[in-house]
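# Fold and geometry: a report
One letter stands for each residue in the lines below.
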Amino acid sequence: MLKKLIVLFPALALAACATISPRLAIENRFVELGLSERRAECMANELDRRLDRSDMNAVADFVGELNAADTTGNVIDALLGIDNARAAGAIATAGVSCAF
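All residue numbers refer to positions counted from 1 along the written sequence of the respective chain. For a predicted model such as this one, the threshold for reporting local features is a pLDDT of at least 70, and the threshold for listing and counting side-chain atom pairs is 80 or more; totals across whole chains, interfaces and linings nevertheless cover every residue. Only hydrogens and water are set aside when side-chain values are computed; all heavy atoms of the structure are taken into account.

We now examine the overall build of the protein chain. We count a stretch as a helix when DSSP gives it H or I for four or more residues in a row; a strand needs E for two or more, and each element gets its number in order from the N terminus. A tally of helices and strands in the protein chain yields six helices and zero strands. For the protein chain, the succession of helices and strands along the chain, N to C, is α-α-α-α-α-α. Using a 1.4 Å probe on the protein chains alone, a residue whose accessible area is under 20% of its type maximum counts as buried, one over 50% counts as exposed, and one in between counts as partly exposed. Per-residue burial over the protein chain gives 33% buried out of 100 residues. The criterion used for residue contact is that any of the two residues' heavy atoms lie within 4.5 Å. Across the protein chain, the fraction of contacts at a sequence separation of at least 24, relative to all contacts at a separation of at least 6, is 61%. Accessible surface computed for the protein chain: about 6300 Å², of which carbon and sulfur atoms make up 58%. For the accessible areas, the method is Shrake-Rupley and the probe is 1.4 Å, while residue cover comes only from the protein chains on display.

What follows concerns the nonpolar core. In this description, a nonpolar core means a group of buried Ala, Val, Leu, Ile, Met, Phe, Trp, Tyr and Cys residues linked to one another through side-chain atoms lying within 4.5 Å. Membership of the largest hydrophobic core comes to 25 residues, with the highest contact counts inside it found for Ile26, Phe30, Met43, Leu47, Val59 and Leu79. The set of elements that each furnish at least two residues to this core consists of helix H2 (22–33), helix H3 (37–50), helix H4 (53–65), helix H5 (72–79) and helix H6 (85–97). Ignoring sequence-local partners within four residues, the contact set of leucine 47 consists of Ile26, Phe30, Met56, Val59, Ala90, Ile91 and Ala94.

Before going further, it helps to spend a moment on the environment of leucine 66. Turning to its location among the elements, leucine 66 is positioned in the loop between H4 and H5. Residue leucine 66 is classed as buried on the basis of its relative accessible area of 13%. Residues leucine 66 and leucine 79, spaced 13 residues apart in sequence, show a C-alpha to C-alpha distance of 8.2 Å. Excluding residues that lie within four positions of it along the chain, leucine 66 makes contacts with Arg29, Leu33, Ala78 and Leu79.

An α-helix turns once per 3.6 residues; consequently, residues spaced three or four apart project the same way. Here H3 spans 20 Å end to end across 14 residues, near enough to the 20 Å set by a 1.5 Å rise per residue. The complete set of buried residues in H3 reads Arg39, Ala40, Met43, Ala44, Glu46 and Leu47. Burial along H3 is one-sided: seen end-on, the buried residues are contained in an arc of 160 degrees. Facing away from the buried side of H3 by more than 90 degrees, the exposed set consists of Glu37, Arg38 and Arg49. In this analysis, the expected span of each helix is defined as 1.5 Å times one less than the number of residues it contains. Directions drawn from the helix axis to the C-beta atoms are what define this arc.

A word on H6. The terminal C-alpha atoms of H6 lie 18 Å apart, and with 13 residues this matches the ideal 18 Å at 1.5 Å per residue to within 8%. Burial in H6 covers these residues: Ala87, Ala88, Ala90, Ile91, Ala94 and Gly95. The arc enclosing the buried residues of H6, seen along the axis, measures out at 165 degrees, which places them on a common side. Away from its buried face by more than 90 degrees, H6 exposes Ala85, Arg86 and Val96. Here a polar contact is recorded for every N or O atom pair within 3.5 Å, except that within protein the pair must consist of a potential hydrogen donor and a potential acceptor, and residues adjacent in sequence are included only if both atoms are side-chain atoms. The opening residue of H6, the one whose side-chain oxygen lies 3.1 Å from the backbone nitrogen of arginine 86, is asparagine 84.

See the structure below:
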């Protein structure tokens, strides 16, 4: 039994490290889209507070498909095009909360 745990624990730890959290994926993608690191972190944290895991995954998938925008406003406008009302509401609220 102990031998199985010794083999299983590192495998599970490695698998956990290989999977990036939706919050971190969203934050990284926001930076790639042109948001400042501070604003991207703020928005990702706000979304994480407001949305469940399923909605966070939907946002992460959606932002992964967006192209770079030329202004912060255009990034947020593009984000509001998500086909998920809860996520769109949370994005709008996070955008306002993190604007200042």
